[in-house]
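# Survey of secondary and tertiary structure
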Amino acid sequence: MLSVKEKVAYGLGDTASNIVFQTVMLFLAFFYTDIFGISPAVVGTMFIVVRVLDAITDPLMGGLADRTNTKWGKFRPYLLWLAVPFGLISVLAFTTPDLGEDGKVYYAYATYALLMMAYTTINIPYSALGGVLTADPKQRVSVQSYRFVFGMLGGLIVTAATLPLVQFFGKGDKALGYQLTIAAMSALGVILFLLCFAGTKERIAPPPQQKTSLFKDLSLMWVNDQWRVLCVAAFFLLIGMVMRSTLAIYYVKYYLLREDLVTAFVTLGMIGNIVGCALAQPLSKRVCKVKAYIALQIIAAVLCAAAYFVGQTQVVAAFVLYVLWCFFLQMATPLLWAKMADTVDYGHWKTGIRITGMVYSSVVFFIKLGLALGGAVASWLLAYYGYQADSAQTPDTLHGILLSFTVFPAVFSLLVAWAMRWYILNNDEVARIQQALNLKTVN
C-alpha cells in the first residue's frame, strides 16, 4: 500500500511536466502565429517534422532507462539529472530573437526540437516510474489518479496564470511577457521534479538474469498485442484532444468574439479536467475500467459534437459543454495510464522479459505523435480556412474554426472507443496475470 505522501510526490512530477505540456498544447501554436509571426502552415509542418526525431529518441530513451542501474534505481535519476536543462530549454522555445523571416523559422525548428527531446528524456523515465512503484492494479489506478490531478494542477497554473503573467511581465511587450512567464514557470517545474525524485521509490525490477538488446526489445513489444491496442488508442486520443485544446483560444477570440474570456474558458476547462481525474479511482472500483474507458470516450464525443450547434452569442452553453467535455475525457486518462502498467505485466507474462521503459516510451511516442499531428492538423485547418492572425475573420473561416473545434475532435474520440474494443486486460485478467507472475518469481 503506497502512502499518500509518495503518491503526492509522484504527482508533483506531472505538475512539472504539464507546465510545459499544457503550454505547448494551449499556447505554442498561438505564440508562433500571433507573437513570433510564423505562418500557420509552416507551424503545422514543423510540428510534424520534429516528430520524426521522436521515432528515434523515444525508443532509445526507453531502452536506455531500462538499462540504467544506479543507487536511486532505473528511472528516478533522470528527474535529478535533467530537471534544470529541461527548464532552460523551455525558456529558449518561448524566446523571440530579432531574426529575419527565415531565421525565425530556423530558430523555431531548432528550439522546438530541443524542447521535445528534453521532454522525452525526462518524461519517459518519469512515466515508467509509475509502473514500478507498485504491482497492485488498484493502487496503479490510484497512483495515476494522483498523477493526473496534480498534472492538471500544473495545467491550471498554465491556464490561469499565463496570459495575466504575460501582461504583467511584458507591460505591452507580449514577446518579453511570454519569455519571462515561461522562465518563472520553468523554475517552479525544476523544484517539483526534484521533490518527485526525493519522495518516490522504485519497487519492481526485471529478473536479475534478464539480458536483452534494443532490437530484441522492439520485437518483444510487437508480440504484445495489448500494447498495440494502447498505441492506436493513445494516437487517436491525442489528435482529437490537442486539436481542440489548440483551437480553444481561436474559438473564444474569433467565434465567440470574447477575447476577454479566454483565460476563464481554458481555466474552467482545466478545473473540469482535475475533477474528472480525481473521480477515476472511485469509478474504477465500481465499473470495469475497460468498459468505463470506452463509455467515457463516447460521452466526450457527444459533448464535443454538440458544441457545433452552439451559436456565437450562447457563451454560457459554450462554457458548459467545454467543461463537461474536459471532465469526462480526463476521467478516462488515469485509466489509460494504469493500463500501460498492466500491459507491461502482460508482456512479462507472455514473453518472460520485462521492458517497462521500452513499453512506456513507445506508448508515449504515439502520444507525442498524436500531439504533433493534432497541433499540425489544427494549424493546417486554420490555413485552409483562410485564417489571418489578429484580424476579423470571414464567415467561412469562422465556420472552419467551429468545425475544427467540435466535430473533428469528436470523430477521434469515437475512433479511440472503437480501438479499445480489442483491449482484453480487464480487472480479472490482470489479477490472473499477477498471480502467474508471482508464482513464477517464487519458483
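Below is a short write-up of the structure. (Residues numbered from 1 in each chain as written. Predicted model: local features only at pLDDT ≥ 70, side-chain atom pairs only at ≥ 80, totals over all residues. Heavy atoms only, no water.)

## Considering the overall build of the protein
Of regular secondary structure, the protein possesses 16 helices and 0 strands. Scaling as 2.2 N^0.38, a compact globule of 443 residues should have a C-alpha radius of gyration of about 22 Å, and the protein matches this with 21 Å. Burial status across the protein gives 59% buried among its 443 residues. The long-range fraction of contacts in the protein, counting pairs at least 24 apart against all pairs at least 6 apart in sequence, stands at 85%. Accessible area of the protein: about 17200 Å², with a carbon and sulfur share of 69%. Distance between charge centroids for the protein: 12 Å, based on 32 positive and 22 negative side chains. (Helix = DSSP H or I, 4+ residues; strand = E, 2+ residues; numbered from the N terminus. Rg over C-alpha atoms; globule rule 2.2 N^0.38 Å. Buried < 20%, exposed > 50% of the residue type's maximum accessible area, 1.4 Å probe, protein only. Contact = heavy atoms within 4.5 Å. Areas by Shrake-Rupley, 256 points an atom, 1.4 Å probe, with all protein chains shown as cover. Lys, Arg positive; Asp, Glu negative; His and termini not counted. Charge placed at Lys NZ, Arg CZ, Asp CG, Glu CD.)

## Structural notes on the packing of aromatic side chains
Under the definition given, this model contains 37 aromatic pairs. Taken together, a centroid distance of 6.0 Å and an interplanar angle of 45 degrees make the contact between Tyr 251 and Phe 265 tilted. Of this pair, Tyr 251 sits in helix α8 (residues 225-255) while Phe 265 is found in helix α9 (residues 262-278), placing the two residues 14 residues apart along the sequence. For Phe 265, a relative accessible area of 0% gives the class buried. Considering the side-chain rings of Tyr 384 and Tyr 385, the 5.1 Å spacing of their centres and the 75 degrees angle between planes classify their relative orientation as edge-to-face. Members of the aromatic cluster, each reached through a chain of ring pairs, are Phe 31, Tyr 32, Phe 36, Phe 47, Phe 94, Tyr 107, Tyr 112 and Tyr 178. (Phe/Tyr/Trp six-rings, centres within 6.5 Å; stacked < 30°, edge-to-face > 60°.)

## Re α9
An ideal rise of 1.5 Å per residue puts 24 Å on 17 residues; α9 measures up with 25 Å between its terminal C-alpha atoms. Among the residues of α9, those classed as buried are Val 262, Phe 265, Val 266, Thr 267, Gly 269, Met 270, Gly 272, Asn 273, Ile 274, Gly 276 and Cys 277. (Expected span 1.5 Å × (residues − 1).)

## With respect to the environment of Phe 408
Its location among the elements puts Phe 408 in helix α15 (residues 395-419). For Phe 408, a relative accessible area of 27% puts it in the partly exposed group. Sequence separation between Phe 408 and Asn 69 is 339 residues; the distance between their C-alpha atoms is 45 Å. Discounting chain neighbours no more than four positions away, the residues touching Phe 408 are Met 243, Leu 381, Tyr 385 and Leu 403.

## Some thoughts on the nonpolar core
In this structure, Tyr 32, Phe 47, Tyr 250, Tyr 251, Phe 265 and Trp 325 are the most contacted members of the largest nonpolar core, which totals 154 residues. Considering each element in turn, this core owes the most residues, 22 residues, to α8. Setting aside residues no more than four positions away along its own chain, Phe 47 makes contact with Leu 28, Ala 29, Tyr 32, Tyr 112, Ala 372, Gly 375, Ala 376 and Ser 379. (Core = buried A, V, L, I, M, F, W, Y, C linked by side-chain atoms within 4.5 Å.)

## Side note on a nonpolar patch on the surface
There is a patch of nonpolar side chains on the surface, built from Leu 268, Ile 271, Val 275 and Leu 279 and spanning about 290 Å² of accessible area. Here Leu 279 is to be found in the loop between α9 and α10 (280-286). (Patch = residues over 30% accessible without salt bridge, like charges linked within 9 Å, V, L, I, M, F, W, Y side chains within 5 Å. Salt bridge = Lys/Arg side-chain N within 4 Å of Asp/Glu carboxyl O.)

## Brief notes about α15
In this model, α15 (25 residues) spans 36 Å end to end at C-alpha, consistent with the 36 Å of a helix rising 1.5 Å per residue. When the local axis directions of α15 are compared, the greatest deviation, roughly 35 degrees, occurs at Ser 404. (Bend = angle between axes of the 7 residues up to and from the residue.)

## Quick look at the pattern of salt bridges
Across all of its chains, the model carries 11 salt bridges by this definition. Asp 345 is the partner of Arg 140 in a salt bridge, and the nearest nitrogen-oxygen pair spans 2.5 Å. Linking Arg 140 in helix α5 (residues 137-170) with Asp 345 in helix α13 (residues 333-351), this pair joins segments that are 205 residues apart in sequence. Residues Arg 140 and Asp 345 agree in their burial class; the two are buried. Lys 350 is the salt-bridge partner of Asp 225, the closest N and O atoms lying 3.0 Å from each other. Residue Asp 225 is found in helix α8, and its partner Lys 350 is found in helix α13; the two are separated by 125 residues along the sequence. A relative accessible area of 40% places Lys 350 in the partly exposed class. Residues joined in a network through salt bridges with shared partners are Arg 140, Lys 289, Asp 342, Asp 345 and Arg 354.

## Thoughts on unusual backbone geometry
Phi at Lys 171 is positive, roughly 50 degrees, even though this residue is not glycine. Within the secondary structure, Lys 171 sits in the loop between α5 and α6 (174-199). One non-glycine residue with positive phi stands out, namely Leu 257, at about 60 degrees. By secondary structure assignment, the location of Leu 257 is in the loop between α8 and α9.

## Structural notes on the side chain of Gln 22
Locating Gln 22 in the fold gives a position in helix α1 (residues 4-35). The buried category is assigned to Gln 22, whose relative accessible area is 5%.

## Concerning the packing of helix α11 (residues 289-306) against α13
Remark: α11 packs on α13, axes separated minimally by 10 Å, with the N-to-C direction vectors making an angle of 140 degrees. Judged on the interaxial angle alone, α13 and α11 are oblique. Both α11 and α13 take part in a crossing whose hand is left-handed. Taken together, the residues of α13 that come into contact with α11 (itself represented by Lys 289, Val 290, Ala 292, Tyr 293 and Leu 296) are Leu 335, Leu 336, Lys 339 and Asp 342. For the contact of α11 with α13, the residue count by class is 6 nonpolar, no polar and 3 charged. (Axes fitted to C-alpha atoms, helices over the stretch in contact; angles between N-to-C directions. Parallel < 35°, antiparallel > 145°, perpendicular 65-115°, else oblique. Left-handed = near helix turned anticlockwise from the far one by under 90°. Nonpolar A, V, L, I, M, F, W, Y, C, P; charged D, E, K, R; others polar.)

## What about the packing of α8 against helix α12 (residues 315-331)?
Remark: α8 packs on α12, axes separated minimally by 13 Å, with the N-to-C direction vectors making an angle of 155 degrees. With respect to α12, the axis of α8 lies roughly antiparallel. Considering the relative orientation of α8 and α12, their crossing is left-handed. Seen from α8, the contacting residues are Leu 237, Met 241, Arg 244, Ala 248 and Tyr 251; seen from α12, they are Ala 318, Tyr 322, Trp 325, Leu 329 and Gln 330. Looking at the contact of α8 with α12 residue by residue, the class counts come to 8 nonpolar, 1 polar and 1 charged.

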